[in-house]
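Residue-level structural notes
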Amino acid sequence: MESVWFEGAEFLRNVDPPAETELSPEPFLIADNDPEVRVKATIYTTQLRVIKGLTSEGFNRFSKCNSLRRAIANMIIKAKTLKSQNQISTSRKRNAHQTHLVKLPVRKLPRNPPAAELRQSEVVMIKTAQSEAYAEEIETLQQNQLSQKSLSPRSSIYPLQPFVDGDGVLRVGGRLRQTDQMFQEIHPVILPKGCHLARLAITHYHSKVHHQGRQITHGALRQVGLWIIGAKRMISKLSTNVSRVENSEGTL
């Protein structure tokens, strides 16, 4: 009795494989006006930037100069504290042959840092702003401290005859070394044009002289030893903005 149920399908009983049929490739044409085809392709690339040390980008978070000074001073205090704690814990382990970690009490940062740390924070702020704008000039002057003529005349601060002091701060040079004025007035610190630190300094001293105008503010900056590139225009712009804010607030 022949039945498909018992014998199975014929192609299963066929031992010889079927002959392979060659497929001819068909051309795949894309119309220029096809709405499903994307005409342009956008490629995005990612770049990694390694930042070492403190940068002036963090300064933009502060709106007052004193707040920035206190923040950096507290960072300096914290760094000194961690360094001293590390040295103490290392010496205790070495002397007592301890294997566990020695925990020291954590001290709260002061609201008003000491004067030494505040002064050090000012140097850190200035050097950070200068290193980003005048890195090449600072390196050239440090390598040729005895010859200030090594600076390129193409530099924007070349007419100021700059030099680097003992703290690594870029200052205005000149021939007024025999005068009775203070060192910071004779050789003021150079701040780059348009940096946030310069804006904070202008706003601070403009408020300190009770908004008496551009000349008074500029004189106050020179008196404390600051030479801001393009200071007059920045002072005029910031003082105008301050006046607009005061007029819009009104009096109660």
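Since this is a predicted model, take the numbers as computed values, not measurements.

What counts, and at which threshold
Residues numbered from 1 in each chain as written. Predicted model: local features only at pLDDT ≥ 70, side-chain atom pairs only at ≥ 80, totals over all residues. Heavy atoms only, no water. Helix = DSSP H or I, 4+ residues; strand = E, 2+ residues; numbered from the N terminus. Buried < 20%, exposed > 50% of the residue type's maximum accessible area, 1.4 Å probe, protein only. Contact = heavy atoms within 4.5 Å. 1 Å grid on protein atoms, 1.4 Å probe; cavity = no way out; pocket = protein on both sides within 12 Å on 5 of 7 lines; lining within 4 Å. Points joined across faces, edges and corners; volume = space filled by probe spheres on them. Patch = residues over 30% accessible without salt bridge, like charges linked within 9 Å, V, L, I, M, F, W, Y side chains within 5 Å. Areas by Shrake-Rupley, 256 points an atom, 1.4 Å probe, with all protein chains shown as cover. Salt bridge = Lys/Arg side-chain N within 4 Å of Asp/Glu carboxyl O.

Position of Gly230 relative to the elements: it lies in the loop between β4 (226-228) and α9 (231-249). Classification of Gly230 as partly exposed rests on a relative accessible area of 33%. Separated by 32 residues in sequence, Gly230 and Ala198 have C-alpha atoms that sit 10.0 Å apart.

Turning to the environment of Gly173, a few remarks are in order. Among the secondary structure elements, Gly173 is positioned in the loop between β2 (170-171) and α6 (183-186). Take Gly173: its relative accessible area is 13%, and that puts it in the buried class. Along the sequence, Gly173 and His187 sit 14 residues apart, while their C-alpha atoms lie 5.8 Å from each other. Apart from residues no more than four positions distant in its own chain, Gly173 is found in contact with Leu160, Gln161, Pro162, Phe163, Ile186 and His187.

Empty space within the largest pocket amounts to approximately 430 Å³. Together, 22 residues line the largest pocket, and Glu122, Ile126, Tyr205, Val224 and Leu226 are the ones closest to its centre. Counting only elements with at least two residues in the lining of the largest pocket, the list comes to α3 (65-96), α4 (115-133), β3 (189-191) and α7 (196-208). Take the lining of the largest pocket: its biggest share by element is five residues, from α4.

The next point concerns a nonpolar patch on the surface. Where nonpolar side chains cluster on the molecular surface, the patch consists of Phe28, Ile30 and Val37 and spans about 340 Å² of accessible area. Among the structural elements, Val37 can be located in the loop between α2 (10-13) and α3. With a relative accessible area of 36%, Val37 lands in the partly exposed category.

What follows concerns the pattern of salt bridges. Close approach of charged atoms allows side chains with opposite charge to pair. This structure, assessed with the given rule, holds four salt bridges. Glu122 is paired through a salt bridge with Arg69; the nearest N and O atoms lie 3.2 Å apart. A residue pair is termed long-range when its members are at least 10 positions apart, and Glu122 in helix α4 and Arg69 in helix α3 qualify at 53 residues. Residue Glu122 is classed as partly exposed on the basis of its relative accessible area of 26%. By sharing partners, the salt bridges in this structure join Arg69, Arg119 and Glu122 into a single network.

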